[in-house]
Amino acid sequence: MRKIVASLTALFVATACSSTATEDETQLPSGESVSVAMSEGERRNAEFLDRLSSDQLLNELKRGGYVIYFRHATTQRDYADQADPSLDLNDCSTQRKLSIEGIEEAQTIGLAFAKKEIPVGTVITSQYCRAWKTANLAFGRVDKKDDRLNFLPFENYNDQQVLLMKTRVMPLLSDLPADDFNTVIVGHDDLFEAATGIYPEPQGIAYVLKPDGKGSFTLVSNMLPKEWNEL
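Basis of the calculations
- Residues numbered from 1 in each chain as written.
- Predicted model: local features only at pLDDT ≥ 70, side-chain atom pairs only at ≥ 80, totals over all residues.
- Heavy atoms only, no water.
- Helix = DSSP H or I, 4+ residues; strand = E, 2+ residues; numbered from the N terminus.
- Polar contact = N/O pair within 3.5 Å; in protein donor to acceptor, adjacent residues only side chain to side chain.
- Contact = heavy atoms within 4.5 Å.
- Disulfide = S-S within 2.5 Å.
- Salt bridge = Lys/Arg side-chain N within 4 Å of Asp/Glu carboxyl O.
- Buried < 20%, exposed > 50% of the residue type's maximum accessible area, 1.4 Å probe, protein only.
- Core = buried A, V, L, I, M, F, W, Y, C linked by side-chain atoms within 4.5 Å.
- Phe/Tyr/Trp six-rings, centres within 6.5 Å; stacked < 30°, edge-to-face > 60°.
- Lys NZ or Arg CZ within 6 Å of the ring centre and 35° of its normal.
- Pairing = 2+ DSSP bridges.
- Axes fitted to C-alpha atoms, helices over the stretch in contact; angles between N-to-C directions.
- pLDDT = per-residue confidence, 0-100.

## Quick word on the side chain of Asn 150
Here comes step 1: Its location among the elements puts Asn 150 in the loop between strand 5 (144–145) and helix 5 (159–174).
Here comes step 2: Within the structure, the side chain of Asn 150 is placed 2.7 Å from the side chain of Gln 127, a separation counted as a polar contact.
Here comes step 3: Not counting chain neighbours up to four residues away, the residues in contact with Asn 150 comprise Leu 89, Ser 126, Gln 127, Tyr 128 and Leu 191.

## Some thoughts on the state of the cysteines
Here comes step 1: With the rule as written, the count across this model stands at one disulfide.
Here comes step 2: Here Cys 92 connects covalently by a disulfide to Cys 129, the sulfurs 2.1 Å from one another. Note on the Cys 92 and Cys 129 pair: the S-S dihedral is about -85 degrees, so by sign convention the disulfide is left-handed. On the criterion of sequence distance, the pair formed by Cys 92 in the loop between strand 3 (67–71) and helix 3 (100–116) and Cys 129 in helix 4 (residues 129–139) is long-range, its members being 37 residues apart.

## Remarks on the pattern of salt bridges
Any two side chains of opposite charge can pair if their charged atoms end up close together.
Here comes step 1: What the rule picks out here adds up to 13 salt bridges.
Here comes step 2: For the salt bridge of Arg 168 with Asp 147, the shortest nitrogen-to-oxygen distance reads 4.0 Å. In this pair, Arg 168 is assigned in helix 5 and Asp 147 in the loop between strand 5 and helix 5, connecting sequence segments 21 residues apart.
Here comes step 3: Exposure remark for Arg 168: the relative accessible area of 27% places this residue in the partly exposed category.
Here comes step 4: Linked by salt bridges that have partners in common, Arg 71, Asp 78, Arg 96, Asp 189 and Glu 201 make up one network.

## Digging into the nonpolar core
Here comes step 1: The biggest cluster of nonpolar side chains holds 26 residues, and the ones touching the most others in it are Tyr 69, Leu 173, Ile 185, Tyr 207, Leu 209 and Leu 219.
Here comes step 2: Mapped by element, the contributors of at least two residues to this core are strand 3, helix 5, helix 6 (189–196), strand 7 (206–211) and strand 8 (217–223).
Here comes step 3: Those residues within four positions of Leu 209 in sequence are excluded, and the remaining contacts are Tyr 66, Val 67, Tyr 69, Leu 173, Phe 192, Phe 217, Thr 218 and Leu 219.

## What about the packing of aromatic side chains?
Here comes step 1: Using the criterion set out here, one finds nine aromatic pairs in the structure.
Here comes step 2: Consider the rings of Phe 70 and Phe 113, whose centres lie 6.3 Å apart with planes at 50 degrees: the pair is tilted. You can see Phe 70 sitting in strand 3 and its partner Phe 113 sitting in helix 3, a full 43 residues away along the chain.
Here comes step 3: Grouped by ring-pair contacts, the aromatic residues Phe 48, Tyr 69, Phe 192 and Tyr 207 constitute a single cluster.
Here comes step 4: Against the face of Trp 132 rests Lys 145, its NZ or CZ located 4.1 Å from the ring centre.

## Notes on the sheet that holds strand 8
Here comes step 1: Overall, mixed pairing links the six strands, which are arranged 5-4-6-3-7-8 in an open sheet. If you trace the sheet from one side to the other, it starts and ends with strand 5 and strand 8, each paired once.
Here comes step 2: Where strand 3 lies against strand 7, four bridges are found, and the strand directions are antiparallel. In the sheet register, Phe 70 faces strand 7, and the bridge partner there is Ala 206.
Here comes step 3: Across the sheet, helix 2 (residues 54–63) touches strand 3, strand 6 (182–187), strand 7 and strand 8, and the angle it forms with strand 8 is around 120 degrees.

## Overview of the confidence of the model for the chain
Here comes step 1: Of the residues in the chain, 84% have a pLDDT of 70 or more, and the chain-wide mean is 89.
Here comes step 2: For the stretch residues 5–21, pLDDT sits under 50, and the model shows 52 contacts to residues farther than four places along the chain or on other chains.

## As for the environment of Asn 158
Here comes step 1: Summarising the element assignment, Asn 158 is placed in the loop between strand 5 and helix 5.
Here comes step 2: Of the residues examined, Asn 158 reaches a relative accessible area of 34% and is grouped as partly exposed.
Here comes step 3: Within polar-contact distance, the side chain of Asn 158 engages the backbone nitrogen of Gln 160 at 3.1 Å.

Pasting the structure below:
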């Protein structure tokens with residue numbers, strides 16, 4: 001869900017989350033063009049340029065040392081269930097559910113990792129069912145469900161709440177993986193945007209990060225579920 005509020009521009013100047021909208025032209029099937037408001041985070045996602053070619057990325061991942069942050073796979077509906085008072089993290093029936101497409105996305109990712117022999121170390125997810133189920137379908141396990149990857153229980157966030165999400169998630173993104181392995185994180189959109197200023201779209205997208213072990217990282221590539229097979 002795109003819920004980071006507009007006042008974030010002042011909070012993060014270089015890497016910030018912001019809902020400042022820009023106009024983007026979208027082509028309809030009829031051939032007509034319409035203007036679509038795009039937030040700053042969405043624009044950064046759309047304009048992100050990979051630092052490595054596919055071959056280079058695969059070679060690097062096989063060496064290990066990266067954090068791969070997945071937004072969970074596609075759900076049946078996209079809505080802010082974290083703000084629903086009936087939400088129960090221990091009851092999947094109260095949460096958004098993976099769609100058939102999402103299940104296939106997760107399985108596609110897992111098969112590609114196995115085929116390409118990409119070493120996976122620790123698998124960390126949020127406590128939401130759609131996150132840990134994505135990980136289970138892709139990698140067959142979850143090593144830790146970490147509440148730092150959970151949404152705050154609001155549909156919209158103020159500056160202080162976004163800063164709190166960033167403070168909570170940054171250690172996970174910047175910690176060095178175990179030697180010769182990559183850490184996999186399956187989380188959510190707003191948490192990643194709070195830390196990077198990039199809104200990860202669509203569901204199932206992954207960002208590959210190179211952590212420095214000192215509290216920061218470099219964004220290296222982004223990958224859609226089907227693209228893992230193309231490495």
